[in-house]
Amino acid sequence: MYTFEKIIGHKNVINNLQNSIAYGKVSHAYIIDGPKGAGKRLLANTFAKTLQCIQGGTTPCNQCISCHAYDSGNHPDILFVKATKTKSLGVDDVREQIGQNIDIKPYQYPYKIYIVQDADTMTVQAQNALLKTIEEPPSYGIFLLLSTNFNRFLPTILSRCVLLSAKPLPLGQVKQYLQQELDISSEKSDLYGAFSQGNIGRAREIATSEEFLDMRQKVIEWAVELSKRDVVDAIGGVKDFEIYKEKAQEVLDILYTWYRDLLVVKQLETSTSLIHKDRAELLVQEAKQISFDKLTKYLDAVQETKDQLRHNANFQLALEVMVLTLKES
């Protein structure tokens, strides 16, 4: 059930949306931007539900026919736009899902609201098609564009939208959510919270995934054994991570935080600020065998590999180059 009161964090975004309702200054187009799992869809859904609520307040009443229709997934005047043929939203998607029915007035509610998922994947042609609509929208038309990178939008689209950012949450809020909502232990919530990087959706995904803990164990074992292997054997070990190809960033996040913890132990000689607190003894042992210089080089090598993979570098080749760098350090 969507209500603003139940949304964790994002107070600035919520205040902006609620104030626009309260003062009658609702825009025709919004971009809600943030990483996957940040809560963009939750914010958009709640805003749309509130706008259509018969009570006319700044949060859904959850009692009227409009709120019930939305909660059941059958609201006639809230429409979801998504790609149908490829991963990108094409011009046909925009024309068929928006252009062909925007001139039809709402069935029975104040607005006709379009929630455009992965809006930043729109092709240039699709954005230009949408631009024609949001330049001169009907009084009842509202567009909520969800994106992970607002820089992909054309300047003409950006100039006609209110840009709202779903920023990372403080670690404390993420941990509190994990402990209270998912009954996660304090120790595990430290680990999952650190890896979530302030992202509730990612924290939940990690906390409910058995694969994550298995993957972490494998990465830690690999990192510990790396110094004992020769170069050929170490490069050959990259194949062990082929099964995690689709989770390459998570694998590298684990490796990066492992080296980060080693640096913390070596420099501060404390376990209070560790991410891998349950591996504190092993970290202490490993930290004794590696220098500051090597650890900083390791961290740089892992970060560089993360950046390369974000730019679509070959997975195996990028990891092999990283291993060579680590062995040369």
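Provided above is the structure to which this section pertains.
Residues numbered from 1 in each chain as written. Predicted model: local features only at pLDDT ≥ 70, side-chain atom pairs only at ≥ 80, totals over all residues. Heavy atoms only, no water.

Peer 1: Where do I start with the overall build of the protein in this structure?
Peer 2: When its secondary structure is counted, the protein shows 15 helices and 5 strands. In terms of overall dimensions, the protein has C-alpha extents of about 70 × 40 × 30 Å along its principal axes. Of all 329 residues assigned to the protein, the portion counted as buried reaches 47%. Put simply, of all contacts in the protein between residues at least 6 apart along the chain, 70% involve residues at least 24 apart. Total accessible area computed for the protein in this model is approximately 17000 Å², and 48% of it derives from carbon and sulfur atoms. If you average the places of the 38 positive and of the 40 negative side-chain charges in the protein, the two averages end up 4 Å apart. (Helix = DSSP H or I, 4+ residues; strand = E, 2+ residues; numbered from the N terminus. Buried < 20%, exposed > 50% of the residue type's maximum accessible area, 1.4 Å probe, protein only. Contact = heavy atoms within 4.5 Å. Areas by Shrake-Rupley, 256 points an atom, 1.4 Å probe, with all protein chains shown as cover. Lys, Arg positive; Asp, Glu negative; His and termini not counted. Charge placed at Lys NZ, Arg CZ, Asp CG, Glu CD.)

Peer 1: Would you take a moment to explain the environment of N62 for this structure?
Peer 2: Note that N62 resides in the loop between α2 (40-52) and α3 (65-71). Here the alpha-carbon distance between N62 and L283, two residues 221 residues apart in the chain, equals 51 Å. For N62, the side chain forms a polar contact with the side chain of K49, separated by 2.5 Å. (Polar contact = N/O pair within 3.5 Å; in protein donor to acceptor, adjacent residues only side chain to side chain.)

Peer 1: Got a minute to help me understand unusual backbone geometry in this structure?
Peer 2: Across residues other than glycine, the phi torsion is negative in most instances, and most of the peptide bonds are trans. You will see that D118, though not glycine, has its phi angle at about 50°, which is positive. When you line up the elements, D118 lands in the loop between β3 (112-116) and α5 (124-135). On the basis of relative accessibility, which here comes to 49%, the residue D118 falls in the partly exposed class.

Peer 1: Looking at this model, I keep getting lost on the sheet that holds strand β1 (residues 29-33). Mind explaining?
Peer 2: The strands that make up a sheet are held in pairs by hydrogen bonds between backbone atoms, and each pair lies either parallel or antiparallel. Spatially, the 5 strands line up as an open sheet ordered β2-β3-β4-β1-β5, and their pairing is parallel. In the strand order of this sheet, the two ends are held by β2 (78-81) and β5 (162-165), each with one partner. For this sheet, the mean angle separating the axes of adjacent strands, direction not counted, is 20°. Bridge analysis of β3 against strand β4 (residues 141-147) gives 5 bridges, and the strand direction is parallel. If you follow I115 over to β4, its bridge partner there is L144. Across the sheet, helix α1 (residues 11-22) lies against β1 and β5, angled at about 145° from β5, the strand it touches most. (Pairing = 2+ DSSP bridges. Axes fitted to C-alpha atoms, helices over the stretch in contact; angles between N-to-C directions.)

Peer 1: Is there a simple way to think about the pattern of salt bridges in this case?
Peer 2: It is possible for side chains of opposite charge to pair when their charged atoms get near one another. Evaluated as defined, the whole model comprises 15 salt bridges. The salt bridge involving K228 is made with E225; its shortest N-O contact spans 3.7 Å. Taking the relative accessible area as the measure of exposure, E225 reaches 34% and is therefore partly exposed. Between R279 and D278 there is a salt bridge, with its nearest N and O atoms 3.0 Å apart. Through salt bridges that share partners, K175, D190 and K277 make up one connected network. (Salt bridge = Lys/Arg side-chain N within 4 Å of Asp/Glu carboxyl O.)

Peer 1: Just to check I follow, could you spell out the state of the cysteines for this structure?
Peer 2: Covalent bonding between the sulfur atoms of two cysteines is what defines a disulfide. Per the stated rule, a full pass over the model turns up 0 disulfides. No disulfide involves C61; its sulfur sits 3.5 Å from the nearest other cysteine sulfur, which is in C53. (Disulfide = S-S within 2.5 Å.)

Peer 1: What is the right way to read helix α13 (residues 280-287) from this model?
Peer 2: It helps to recall that an α-helix has 3.6 residues per turn; residues three or four apart then point in one direction. Regarding α13, the residues found buried are A280, L283, E286 and A287. Down the axis, α13 shows its buried residues gathered within 125° of arc, on one side only. Check the buried side of α13 and you find it contacts α10 (210-226) and α12 (248-268). (Arc of directions from axis to C-beta.)

Peer 1: How should the packing of helix α7 (residues 171-181) against helix α8 (residues 186-196) be read in this particular structure?
Peer 2: In a packed pair of helices, the relevant descriptors are the angle between the two axes and the axis-to-axis distance. Interaxial distance between α7 and α8 falls to 9 Å at its minimum, and their mutual angle equals 130°. Taken together, α7 and α8 sit at an angle that is classed as oblique. The two elements α7 and α8 meet at a crossing, and its hand is right-handed. Note on element contacts: α8 touches α7 through S186, S189, D190, Y192, G193, A194 and S196, opposite L171, V174, K175, L178 and Q179. (Parallel < 35°, antiparallel > 145°, perpendicular 65-115°, else oblique. Left-handed = near helix turned anticlockwise from the far one by under 90°.)

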